[in-house]
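Architecture and fold: a report
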Amino acid sequence: MWYHKPPINEELLQSLPNLKVVASSGVGIDHLDLKLLSSYGVKVSNTPFIVTTDTADMGMALLLASSRRLVEGHEMAVSPDTEYFPADWLGVEVSGATLGIVGMGTIGYKVAERAKAFEMKILYHNRNQRKKEDESAVGAVYCKKIDALLQQSDFVLLAVNLTPQTHKLIGKRELELMKPTATLINISRGLVVDQDALVEALQNKVIKAAALDVTYPEPLPRDHPLLKMKNVIITPHIGSATKKTRWVMMEEMAESIQAGLAGLPVPREVL
């Protein structure tokens, strides 16, 4: 499976009586009904580990691009209408700013490692607090409640799996808790954010900006208001999109398929 295609539903499973394994690219499995697949005796694998470094890089890239207004700056620099560069065209400092990471798994932690190098203060919210040595290594402070993180952060980065608990985790209430100078960065799944509430928050200057590698749907309808906002950066779900990573993902998927067909334990099986 690539980009959740083909959709694995009961109709497809009934038409494939010899199906043994579904190898899904990436780490997210929110598009798969594991109970349904298991009832047909089908095993599932994904590629969770190879994507972490590139996705963390993407999170920092979005943070930097948004804070320094790189997309707007590029458009200004190449515009045929530009006659001078305004002196009051300013971005936001990253060094010394507070980054709140929602979801401190492998990707979230790698983002923290990168943010530490940028001399950022790091807060995180997770289902479980990480080990003290993990926190100390990146200077991260645990927020048991997400509200505390939202209220204190200059940048809020989402790196959670999409589950029923994280569906629209960031809505109107959460956005209103954020600073009016804050930026929301999403490298997880589009449905983790209530997009209608995000549009309203950006239009009313409840928060300053957003940088999104994921939306719902993908791509957005061409008349969607997020596509027209200068304080929004949207990229086409390319967190893992480097040549090396995509190659290894393909290798891992093929390895899982071969094992499944041979009746061997499936590497990286999702249980």
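Residues numbered from 1 in each chain as written. Predicted model: local features only at pLDDT ≥ 70, side-chain atom pairs only at ≥ 80, totals over all residues. Heavy atoms only, no water.

By the naming in an unreviewed UniProt entry, the protein chain is Glyoxylate reductase/hydroxypyruvate reductase, taken from Anthoscopus minutus. For the record of the protein chain, the UniProt heading Sequence similarities (unreviewed entry) holds the text "Belongs to the D-isomer specific 2-hydroxyacid dehydrogenase family." (UniProt positions renumbered as here; feature names shortened; annotations may be inferred.)

1. Some points on the packing of aromatic side chains
Per the counting criterion, the structure on display carries two aromatic pairs. On the basis of an interplanar angle of 75° and a centroid distance of 6.4 Å, the ring pair of Trp-2 and Tyr-3 is categorised as edge-to-face. Of the residues examined, Trp-2 reaches a relative accessible area of 24% and is grouped as partly exposed. Seen in terms of ring centroids, Tyr-124 and Tyr-142 are 5.1 Å apart; in terms of plane orientation they differ by 45°. Their pairing is tilted. Placement of the pair is Tyr-124 in strand β4 (residues 121–125) and Tyr-142 in strand β5 (residues 140–142), with a sequence separation of 18 residues. Classification of Tyr-124 as buried rests on a relative accessible area of 1%. (Phe/Tyr/Trp six-rings, centres within 6.5 Å; stacked < 30°, edge-to-face > 60°. Buried < 20%, exposed > 50% of the residue type's maximum accessible area, 1.4 Å probe, protein only. Helix = DSSP H or I, 4+ residues; strand = E, 2+ residues; numbered from the N terminus.)

2. Section: the UniProt feature "domain: D-isomer specific 2-hydroxyacid dehydrogenase NAD-binding" (unreviewed entry) in the protein chain
The positions that UniProt labels "domain: D-isomer specific 2-hydroxyacid dehydrogenase NAD-binding" (unreviewed entry) are, in the present scheme, residues 60–239. The straight-line gap between the two end C-alpha atoms of residues 60–239 is 11 Å; of that span, 32% is helix and 16% is strand.

3. A look at the side chain of Gln-195
If you trace the backbone, Gln-195 turns up in helix α9 (residues 195–203). A distance of 2.7 Å separates a polar side-chain atom of Gln-195 from the backbone oxygen of Tyr-216. For Gln-195, the residues in contact, after removing those within four places along its chain, are Thr-215, Tyr-216, Leu-220, His-224 and Leu-226. (Polar contact = N/O pair within 3.5 Å; in protein donor to acceptor, adjacent residues only side chain to side chain. Contact = heavy atoms within 4.5 Å.)

4. Brief notes about the nonpolar core
One finds Leu-175, Leu-184, Leu-198 and Leu-226 to be the most contacted residues of the largest nonpolar core, which totals 29 residues. Elements with a contribution of two residues or more to this core: α7 (146–152), β6 (155–158), α9 and β8 (209–212). The leading source of residues in this core is α9, at five residues. Excluding residues within four positions of it along the chain, Leu-184 makes contact with Val-156, Leu-158, Ile-170, Leu-175, Met-178, Val-193, Leu-198, Ile-207, Ala-209, Ala-210, Ala-211 and Leu-212. (Core = buried A, V, L, I, M, F, W, Y, C linked by side-chain atoms within 4.5 Å.)

5. Here we look at the packing of helix α3 (residues 52–67) against helix α5 (residues 106–117)
Where α3 contacts α5, the axes come no closer than 8 Å and their chain directions differ by 50°. Judged by the inter-axis angle, α3 sits oblique to α5. In this structure, α3 crosses over α5, and the sense of that crossing is right-handed. On α5, the residues that touch Thr-52, Thr-53, Thr-55, Ala-56, Asp-57 and Met-60 of α3 are Thr-106, Ile-107, Lys-110, Val-111, Arg-114 and Ala-115. (Axes fitted to C-alpha atoms, helices over the stretch in contact; angles between N-to-C directions. Parallel < 35°, antiparallel > 145°, perpendicular 65-115°, else oblique. Left-handed = near helix turned anticlockwise from the far one by under 90°.)

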